Amino acid sequence: ASVPAATVLSTDHDQAGLYIDQAKPAGTGNTQNNFIFHFAAYELKAELVTDPENLDMTFVDASSVISNSIAVSYNEGAAAANVEVTSISLTNPSDPGFFVSPATLSLSSPAPASELVWVEFDNNTAGLSANDQATADLQFIWNEVGSAVNATSTVPVSATYIGAHAGNILAAFYSEPA
């Protein structure tokens, strides 16, 4: 459908389409309302949330295999919609040895509900030396259910070989993320 631009008095829209107030031809009353379906790129309303926002792991033994988890959830937008994480992968690794599980997620309830994603680092594969660090990006490709629009969220990940020998440690302090 089309409406002559010269006759448009005002417009409004919602997710279903475009509403147009149009001037009627002379002598037929003041205005008429038209509804025009339209298709446009869907704007994601949900927001993917990770806790923590950075994953830093440390180890003291050269043959260590370490792992830690990230809680993944979402904040709903204006319209309620579940979130599909269609790909979870580790990108841009500085060294081999990183692994991630699972590869996909279905989030059917918004925060505070969450699902865990596990990141593992195997120094037997990477072969880091004392005081070396391996880094990667944990990448989530996701969308709202029913939408063809994908979004990408990234969490920096690191694994650091502290390389301290137990006999040389005077004190060790550890801090858990808040």
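Refer to the structure above for everything that follows.
Treat the numbers as computed from the prediction; the structure is a model and nothing was measured.

Calculation rules
- Residues numbered from 1 in each chain as written.
- Predicted model: local features only at pLDDT ≥ 70, side-chain atom pairs only at ≥ 80, totals over all residues.
- Heavy atoms only, no water.
- Helix = DSSP H or I, 4+ residues; strand = E, 2+ residues; numbered from the N terminus.
- Buried < 20%, exposed > 50% of the residue type's maximum accessible area, 1.4 Å probe, protein only.
- Contact = heavy atoms within 4.5 Å.
- Areas by Shrake-Rupley, 256 points an atom, 1.4 Å probe, with all protein chains shown as cover.
- Pairing = 2+ DSSP bridges.
- Axes fitted to C-alpha atoms, helices over the stretch in contact; angles between N-to-C directions.

Colleague: Can you lay out the overall build of the chain for me, pointing to particular residues and giving the numbers?
Modeller: Within the chain, the regular secondary structure consists of one helix and 12 strands. Ordering the α and β elements of the chain from the N terminus gives β-β-β-β-β-β-β-β-β-β-α-β-β. Evaluated residue by residue, the chain yields a buried proportion of 30% over its 178 residues. Considering only contacts in the chain between residues 6 or more positions apart, those separated by 24 or more positions represent 59%. Summed over its atoms, the accessible surface of the chain is roughly 10900 Å², and 51% of this surface lies on carbon and sulfur atoms.

Colleague: Help me get a handle on the sheet that holds strand E5 (residues 55–59), residues and values and all.
Modeller: Judged by pairing direction, the sheet is mixed, and its five strands sit side by side in the order E5-E12-E11-E7-E9 without closing on themselves. Every interior strand has two partners, whereas the edge strands, E5 and strand E9 (105–107), have only one. Adjacent strand axes in the sheet meet at a mean angle of 25°, parallel and antiparallel pairs treated alike. As judged from the five bridges shared by E5 and strand E12 (residues 151–161), these two strands associate in the parallel manner. Pairing of Leu55 across the sheet is with Val157, part of E12.

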